[in-house]
Amino acid sequence: MVTSGKVLTDLRKSALTAGISLIIMALAAFFSYGYVHESLLVQGDARATLQNIISQNMLFKAEIFGWIIILICDIVVAWSFYIFLKPMNRNLSLLGAWLRLTYTTILGIAIMNLIFVLLLSNNTDDLSLLTTKQLQVQVMLYLKAFDSIWSIGLIIFGGHLLIVGWVALKSGSIPKLISILLLIAAIGYIVIHLCNTILPQDHWIITILEFVFTVPMIVGELGFGLWLLFRGGKVTAKV
């Protein structure tokens, strides 16, 4: 069935919104996690990590701000995906939106741990009951809590991508390559972060899985975002 002009216009608006939001998220994630988080956190060295956060406090604040931008964009994308995919499969698009919102809630809880780290690093003079060693341990604990909670959320995010990829595959209007990449990315998120949660000590397994799935995980959603930005809503959708 051919969609009406008004519906097609709404699809184009939702596609543009999703595409722009996904690109903003990709840039914010590259900065907050790929650059700042990885440079400030020294694995196995609580003293160096705390020193990095204290000496580069503004950079750490910028990381938190980046995560908040990501969280807001996730909410926008959940809504935009629902509007765009609803004519293809209303029930699955709604389920996908709720899964992404659930993931966003978990991400918000994870971000709270970074805020706790910021409070600890900014108020060291007020924490007279804590020794330097205890403060370092507290900071590392909150940073690990951030990683663990976010990792659990990414399992649910994988479920969201699985639904989006399936609806896209069945749509007839979204390129098959993008749909398949989304499905592979979904499997990657689920498998990697299930292993990260259940088998955190087996780093070699996680390393292999990340090597296999990293490209589809990056290209899948980002590729869909670019397609939505330039092509989404311009083609005839089917219901």
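Bear in mind that the values here come from a model prediction, so they are computed numbers and not experimental data. (Residues numbered from 1 in each chain as written. Predicted model: local features only at pLDDT ≥ 70, side-chain atom pairs only at ≥ 80, totals over all residues. Heavy atoms only, no water.)

1. Concerning the nonpolar core
So, step 1. Core analysis: the biggest nonpolar cluster contains 60 residues, and Phe84, Ile174, Phe224 and Leu228 have the highest contact counts within it.
So, step 2. Looking at which element gives the most residues to this core, the answer is helix α5 (residues 132–171), with 13 residues.
So, step 3. Ignoring anything within four residues of it in the chain, the contact list for Ile174 reads Phe84, Leu85, Met88, Ala168, Ser179, Phe224 and Trp227. (Core = buried A, V, L, I, M, F, W, Y, C linked by side-chain atoms within 4.5 Å. Buried < 20%, exposed > 50% of the residue type's maximum accessible area, 1.4 Å probe, protein only. Helix = DSSP H or I, 4+ residues; strand = E, 2+ residues; numbered from the N terminus. Contact = heavy atoms within 4.5 Å.)

2. Re empty space enclosed by the protein
Unfilled space is identified by rolling a water-sized probe across the atoms.
So, step 1. Under the criterion given, the structure shown has three cavities of 30 Å³ or more.
So, step 2. Taken as a whole, the largest cavity spans an internal volume of roughly 40 Å³.
So, step 3. Around the largest cavity sit Phe81, Tyr82, Leu85, Leu92, Ser93, Gly96, Ala97, His160, Ile163, Val164 and Val167, which together line it.
So, step 4. Secondary-structure elements contributing two or more residues to the lining of the largest cavity are α3 (57–85), α4 (90–122) and α5.
So, step 5. Here the lining of the largest cavity is composed, by residue class, of eight nonpolar, three polar and no charged. (1 Å grid on protein atoms, 1.4 Å probe; cavity = no way out; pocket = protein on both sides within 12 Å on 5 of 7 lines; lining within 4 Å. Points joined across faces, edges and corners; volume = space filled by probe spheres on them. Nonpolar A, V, L, I, M, F, W, Y, C, P; charged D, E, K, R; others polar.)

3. Some details on the layout of surface pockets
So, step 1. Size it by volume and the largest pocket reaches roughly 1,600 Å³.
So, step 2. Along the walls of the largest pocket sit 40 residues, with Tyr33, Trp150, Leu154, His193 and Glu210 positioned nearest its centre.
So, step 3. Mapped by element, the contributors of at least two residues to the lining of the largest pocket are α1 (5–40), α3, α4, α5, α6 (176–198) and α7 (203–230).
So, step 4. A breakdown of the residues in the lining of the largest pocket according to their chemical character gives 22 nonpolar, 11 polar and seven charged.

4. Regarding the packing of α3 against α4
So, step 1. It is the contact of α3 with α4, at a shortest axis distance of 9 Å, that shows an interaxial angle of 170 degrees. With respect to each other, α3 and α4 are oriented roughly antiparallel.
So, step 2. Class assignment for the residues of the contact of α3 with α4 results in 22 nonpolar, six polar and five charged. (Axes fitted to C-alpha atoms, helices over the stretch in contact; angles between N-to-C directions. Parallel < 35°, antiparallel > 145°, perpendicular 65-115°, else oblique.)

5. So, the packing of α5 against α6
So, step 1. The interhelical angle for the contact between α5 and α6, taken along N-to-C directions, is 160 degrees, at an axis separation of 8 Å. In terms of their interaxial angle, α5 and α6 are classed as roughly antiparallel. Considering only the axes of α5 and α6, their crossing is left-handed.
So, step 2. Its residues placed into classes, the contact of α5 with α6 shows 18 nonpolar, eight polar and one charged. (Left-handed = near helix turned anticlockwise from the far one by under 90°.)

6. A word on the environment of Gly223
So, step 1. Looking at the secondary structure, you find Gly223 in helix α7.
So, step 2. A relative accessible area of 22% means that Gly223 is categorised as partly exposed.
So, step 3. Along the sequence, Gly223 and Leu181 sit 42 residues apart, while their C-alpha atoms lie 8.7 Å from each other.

7. Things to note about the packing of aromatic side chains
So, step 1. A complete count under the given rule lists 12 aromatic pairs for this structure.
So, step 2. With 5.2 Å between their ring centres and 65 degrees between their planes, Trp67 and Phe146 make a pair best called edge-to-face. Note that Trp67 is positioned in helix α3 and Phe146 in helix α5, a separation of 79 residues in sequence.
So, step 3. Accessibility expressed as a relative area gives 0% for Phe146, which makes it buried.
So, step 4. With a centroid separation of 4.9 Å and 75 degrees between ring planes, the pair formed by Trp67 and Trp150 is classed as edge-to-face. Pair noted here: Trp67 is in helix α3 and Trp150 is in helix α5, with a separation of 83 residues, a long-range link.
So, step 5. Judged by its relative accessible area of 1%, Trp67 is buried.
So, step 6. Of the residues examined, Trp150 reaches a relative accessible area of 15% and is grouped as buried.
So, step 7. Three or more aromatic residues joined by ring pairs form one cluster here, namely Tyr33, Trp67, Phe146 and Trp150. (Phe/Tyr/Trp six-rings, centres within 6.5 Å; stacked < 30°, edge-to-face > 60°.)

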